[in-house]
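An overview of the molecular structure
Here is what each chain is made of, one letter per residue.
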Amino acid sequence: MAEELLSIWNNVLTNIEKEVSRANFLTLFKQTALVSFEENIATIAAPSTMVVDLLQRRFLPIIKQGLEKEMQKEVDVLFITKTFPGMGKKKEQDIPLFSTTEKQASPVVGHLPRVRPDFTFESLAVSDSNRLAYESARNVAKNPGKSYNPLFIYGPVGVGKTHLMQAVANEVYSQNPDNKIIYITSEEFTNEVVEAIRNNDTAKMKRRFRSANLLIIDDVQFIAGKDRVQEELFHTFNSLIDAGAQIVLSSDRPPSEIKKLEARLSSRFAGGLTVDVESPDFELRTAIILKKAEKIGFAISIETAKLLAEKEQDIRSLEGMLLRVATISPTGEITEEQARKTMHGETNEQGHMVHADDVIEAACSFYHIKPTQLKGPKRDAALVRARQIVMYILKHDLELTLVEIGNQLGGRDHTTIMHGVDKIALLVDKKGVVSEEIVGIKNKLRG
């Protein structure tokens, strides 16, 4: 079956190669694969969320057309983020789009759950604002459990903390794929603890976390005030340190400033190395845009990069803005005109600009909740529903990327956003109460 899928996809790629530019083909299609075809649904794997978004926005029609020609039937297409050896077509003929003296990232064989394979140390732009954290993370990756344990990285949303931590995971995994590596958000850790207690199966949960060689917890500040979760993390922490395993944590503030965090846990967090990541300065933001544009195969001048760097202040927003500009570029070159067009944003019926903050404000007004509740960690049913509807509107009406939406809603992971958007899309198709609520929010936006 695998050989059949490979043959089908190679035939599709052969036709696509004739219809798109060489830059787009090498950058977007060469590392894709047809991984399954069941019930007329073709599942296509791509190496990163950015590539998935570009394929969906710009090339879904020709992908669908090519698959239907091969299958001789109507086909629905589903994209997933995944990498593995052998993805793509004619790899021996691929040539780099750009010459560079920078050391290229080592390929990561296989795929770590929840970890982006493109988040490596080599793909991170470095300046004074993140150099200490970068060097510390590299040392930890080279000598896990021996250099700094734990490594605690803190800083505001969108400065690259997640990139650094996932770079550690990818580097440790590339050194030894047999290492047990767990990357998880504090929200997910909390949910696992709660589910284990509910199912009276805490032993299984403890074995899972305490057998890790590398445990990475993102946004650890959200466990504050959750006594049972803090207790479990405390014992897990001690067990892993005693076993020589590496722990990496991130937060939006240093341990000493996390309110309602138990003193014993705060002491453990501060027992290794604590480093901060500052907001990227203008020069670093410009360098990030140039680096990410090169990565997705788009040419961009320094002046255009500066224009975008002036617009956004954090890394996630920069990536999202770049992706939005790239989707309207038909030639593989991002111009100042396209950048300015994207930066103008959406407009409502009165011609006023509509931004993500406007949608959030309108939704909060409609549901009689506060923005801090919408962006916060609480998972009450009503809050989750409102949050997912906002995700849907931001995705389908403002056409923000998953990364941008996650940034707007408290730094949530792109997989959480994808799940929320898909869930509301199914309810919208049924034309029920959710559709009425979306209309109500849009009426608020119209004033």
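As the structure is a prediction and not an experimental result, all values here were calculated from the model.

Right, let's get into empty space enclosed by the protein. Sizing a probe to match a water molecule and rolling it over the atoms shows the empty space that remains. Inspection of every chain in the model, using the stated rule, returns three cavities of 30 Å³ or more. Each pocket or cavity is described by its volume, and for the largest cavity that value is around 380 Å³. In this structure, the largest cavity is lined by 25 residues; those nearest its centre are Phe119, Thr162, His163, Arg316 and Val403. When residues of the lining of the largest cavity are traced back to their parent elements, those giving at least two are helix H5 (161–175), strand E5 (181–185), helix H12 (315–327) and helix H17 (402–408). Here the lining of the largest cavity gets four residues from one element, more than from any other, and that element is H5. Partitioned by chemical class, the residues of the lining of the largest cavity number six nonpolar, 10 polar and nine charged.

Formed by 48 residues in total, the largest nonpolar core has its most connected members in Phe29, Leu34, Leu55, Ile63 and Leu67. Those elements that provide at least two residues to this core are helix H1 (2–19), helix H2 (22–29), strand E1 (33–38), strand E2 (41–46), helix H3 (49–71), helix H10 (282–295), helix H11 (302–311) and H12. The element contributing the most residues to this core is H3, with nine residues. Ignoring any residue separated from it by four or fewer positions in sequence, one finds Leu55 in contact with Leu28, Phe29, Thr32, Ala46, Leu60, Ile63 and Phe79. Judged by nonpolar contacts, the second largest core, of 29 residues, contains Ala356, Ile360, Tyr367 and Ala386.

So, on to the sheet that holds strand E3 (residues 76–81). Strands sit in the order E1-E2-E3 across an open sheet of three strands; the sheet is mixed. Edge positions in the sheet fall to E1 and E3, since each of these pairs with one other strand and no more. The sheet shows a mean angle of 25 degrees between the axes of neighbouring strands, taken without regard to direction. The sheet contacts of H1 involve E1 and E2, and relative to E1 the element is tilted by about 115 degrees.

What the second largest pocket holds in volume is close to 900 Å³. Taken together, 27 residues line the second largest pocket, and the ones lying closest to its centre are Gln56, Leu78, Phe79, Met418 and Asp422. The set of elements that each furnish at least two residues to the lining of the second largest pocket consists of H3, E3, helix H16 (381–396) and helix H18 (414–429).

Taking burial as the measure, the six residues of E2 include five buried ones, the bulk of the element. Pairing of E1 with E2 involves five bridges; the strand directions are antiparallel. Within E2, the residue paired with Glu38 across the bridge is Ile41. Between E1 and E2, which pair antiparallel in sequence order, lie two residues; one of them, Glu39, sits at a positive phi of approximately 50 degrees. The sheet contact formed by E2 and E3 spans six bridges and is parallel.

Note that Thr286 resides in helix H10. On the accessibility criterion, Thr286 (7% relative accessible area) is buried. At a separation of 3.0 Å, a polar atom in the side chain of Thr286 contacts the main-chain carbonyl oxygen of Phe282.

Moving on: unusual backbone geometry. Between Asn149 and Pro150 the backbone carries a cis peptide bond, its omega angle lying at 5 degrees. Residue position: Pro150 is located in the loop between helix H4 (131–142) and strand E4 (151–154). A positive phi angle, close to 55 degrees, is found at Asp219, a residue other than glycine. Along the chain, Asp219 turns up in the loop between strand E6 (214–218) and helix H8 (227–242). In this structure, Lys260 takes a positive phi of about 60 degrees despite not being glycine. Counting through the fold element by element, Lys260 comes out in the loop between strand E7 (246–251) and helix H9 (263–269).

What counts and what doesn't
- Residues numbered from 1 in each chain as written.
- Predicted model: local features only at pLDDT ≥ 70, side-chain atom pairs only at ≥ 80, totals over all residues.
- Heavy atoms only, no water.
- 1 Å grid on protein atoms, 1.4 Å probe; cavity = no way out; pocket = protein on both sides within 12 Å on 5 of 7 lines; lining within 4 Å.
- Points joined across faces, edges and corners; volume = space filled by probe spheres on them.
- Helix = DSSP H or I, 4+ residues; strand = E, 2+ residues; numbered from the N terminus.
- Nonpolar A, V, L, I, M, F, W, Y, C, P; charged D, E, K, R; others polar.
- Core = buried A, V, L, I, M, F, W, Y, C linked by side-chain atoms within 4.5 Å.
- Buried < 20%, exposed > 50% of the residue type's maximum accessible area, 1.4 Å probe, protein only.
- Contact = heavy atoms within 4.5 Å.
- Pairing = 2+ DSSP bridges.
- Axes fitted to C-alpha atoms, helices over the stretch in contact; angles between N-to-C directions.
- Polar contact = N/O pair within 3.5 Å; in protein donor to acceptor, adjacent residues only side chain to side chain.

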